[in-house]
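Now for the letters of each chain:
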Amino acid sequence: MAKLYFYYASMNAGKSTNLLQADFNYRERGMATMLFTAAIDDRFEHGTIASRIGLSAPATAFDASTDLAACTLDRQARETLSCVLVDEAQFLTPGQVDQLAAIADDHGIPVLAYGLRTDFQGELFPGSARLLALADALIEIKSVCQCGRKATMNLRVDSQGRAIAEGRQTEIGGNDRYVALCRRHHREALA
Ligand SMILES: Nc1ncnc2c1ncn2[C@@H]1O[C@H](COP(=O)(O)OP(=O)(O)O)[C@@H](O)[C@H]1O
Ligand SMILES: Cc1cn([C@H]2C[C@H](O)[C@@H](COP(=O)(O)O)O2)c(=O)[nH]c1=O
Ligand SMILES: [Zn+2]
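Residues numbered from 1 in each chain as written. Chains lettered and ligands numbered in written order. Predicted model: local features only at pLDDT ≥ 70, side-chain atom pairs only at ≥ 80, totals over all residues. Heavy atoms only, no water.

Regarding its fold elements, the chain presents five helices and 11 strands. For the chain, whose C-alpha radius of gyration is 17 Å, the value lies close to the compact-globule estimate of 16 Å for 191 residues. Taking the principal axes of its C-alpha atoms as reference, the chain extends roughly 55 × 30 × 30 Å. Considering the chain as a whole, with its 191 residues, one finds that 47% of them fall into the buried category. (Helix = DSSP H or I, 4+ residues; strand = E, 2+ residues; numbered from the N terminus. Rg over C-alpha atoms; globule rule 2.2 N^0.38 Å. Buried < 20%, exposed > 50% of the residue type's maximum accessible area, 1.4 Å probe, protein only.)

In structure tokens form, the structure reads like this:
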């Protein structure tokens, strides 16, 4: 039976790199894949998954109105898909996560979703909450805080590097706006 996997991590942990490696692994064996990423994430070219290590691949951009199951089945009608890979999965709606579960359960295509577990305030993103509830497998991609502990949290910072405690949940940015920290250092930065 095909499974729904949720690979979660803090920022800058290697999620996109991991996704692109998994995708390459399928494609080098002649298997077709379908890639999705969030349209809202405009750090790179629209509809592109890019890792800080320099790898990139084109992807279908999704927003809250995208029917991921319909897009997948549309592609599946033209070529047999071996895997669906979703980056920035924290930006999925809970309903879209249900669609991913249906792709695995009803159509037998494994789904690998990669995303943040929590936002800068340590709250679950709605898409991540649904993935934590539904996924067959939860896989943590680990990275390190400045102190050497596991970096599980994301600190939002301003242009001077000062911690930001309040604001909208969604604010696109990279290493200039966020620092991955262990819980202790995240807590101390916000105290
Ligand atoms: N030139 C490089 N060589 C090796 N690793 C790199 C290089 N540039 C960035 N990285 C590492 O890549 C990781 C970030 O990968 P990325 O896939 O962009 O992360 P995420 O998608 O989780 O935000 C970091 O651990 C960073 O240290
Ligand atoms: C913590 C946090 C992050 N975001 C945004 C910032 C980035 O655009 C993405 C995550 O990028 P990654 O490097 O691929 O992990 O999410 C946000 O909008 N709100 C937050 O609290
Ligand atoms: Zn730390």
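Every residue lining ligand 1 is accounted for by Asn-12, Ala-13, Gly-14, Lys-15, Ser-16, Thr-17, Ser-51, Arg-52 and Ile-53. Backbone polar atom of Ala-13 to an oxygen atom of ligand 1: 3.0 Å apart, as the coordinates give it. Here an oxygen atom of ligand 1 sits 2.7 Å away from a polar atom, N or O, in the side chain of Thr-17. Here ligand 1 has 580 Å² of accessible area as a free molecule, and 61% of this is covered by the chains. (Near = heavy atom within 4 Å. Polar contact = N/O pair within 3.5 Å; in protein donor to acceptor, adjacent residues only side chain to side chain. Areas by Shrake-Rupley, 256 points an atom, 1.4 Å probe, with all protein chains shown as cover.)

As a further point, take the sheet that holds strand E5 (residues 60-62). Strand order in the open sheet formed by six strands is E5-E2-E6-E7-E1-E8, and the pairing between neighbours is parallel. The open sheet has two edge strands with one neighbour each: E5 and strand E8 (137-140). Sheet twist, expressed as the average angle between the axes of neighbouring strands with direction ignored, equals 20°. The pairing of strand E1 (residues 4-9) with strand E7 (residues 111-116) spans six bridges and is classified as parallel. By the bridge assignment for E7, Tyr-5 is matched with Leu-112. The strands touched by helix H2 (residues 68-76) are strand E2 (32-38), E5 and strand E6 (81-86); relative to E2, the strand with the most contacts, the crossing angle is about 155°. (Pairing = 2+ DSSP bridges. Axes fitted to C-alpha atoms, helices over the stretch in contact; angles between N-to-C directions. Contact = heavy atoms within 4.5 Å.)

Moving on to the state of the cysteines. Summed over the entire model, instances satisfying the criterion amount to zero disulfides. The thiol of Cys-71 is not disulfide-bonded; the next cysteine sulfur, from Cys-83, is found 16 Å away. When its relative accessible area of 25% is taken as the criterion, Cys-71 is described as partly exposed. (Disulfide = S-S within 2.5 Å.)

In the numbering adopted here, UniProt assigns the feature "active site" (unreviewed entry) to Glu-88. Looking at where Glu-88 falls in the secondary structure, it is placed in the loop between E6 and helix H3 (94-107). Separated by 2.8 Å, the side chains of Glu-88 and Gln-90 make a polar contact. (UniProt positions renumbered as here; feature names shortened; annotations may be inferred.)

Glancing now at the site of ligand 2. Residues in contact with ligand 2 amount to 20 residues; listed here are only the nearest, Lys-15, Glu-88, Phe-120, Gln-169 and Glu-171. For ligand 2, a nitrogen atom lies 3.4 Å from a polar atom in the side chain of Arg-156. The protein chains hide 99% of the 490 Å² of surface that ligand 2 would expose on its own. Considered class by class, the residues forming the shell around ligand 2 number seven nonpolar, five polar and eight charged. (Nonpolar A, V, L, I, M, F, W, Y, C, P; charged D, E, K, R; others polar.)

Here the focus is the side chain of Thr-17. With respect to the helices and strands, the residue Thr-17 is situated in helix H1 (residues 15-27). On the basis of relative accessible area, Thr-17 is assigned to the buried category, the value being 16%.

Chain-level statistics for the chain give a pLDDT mean of 97 and a share of 100% at 70 or above. The complex prediction reports pTM at 0.98, with the ipTM value standing at 0.97. (pLDDT = per-residue confidence, 0-100.)

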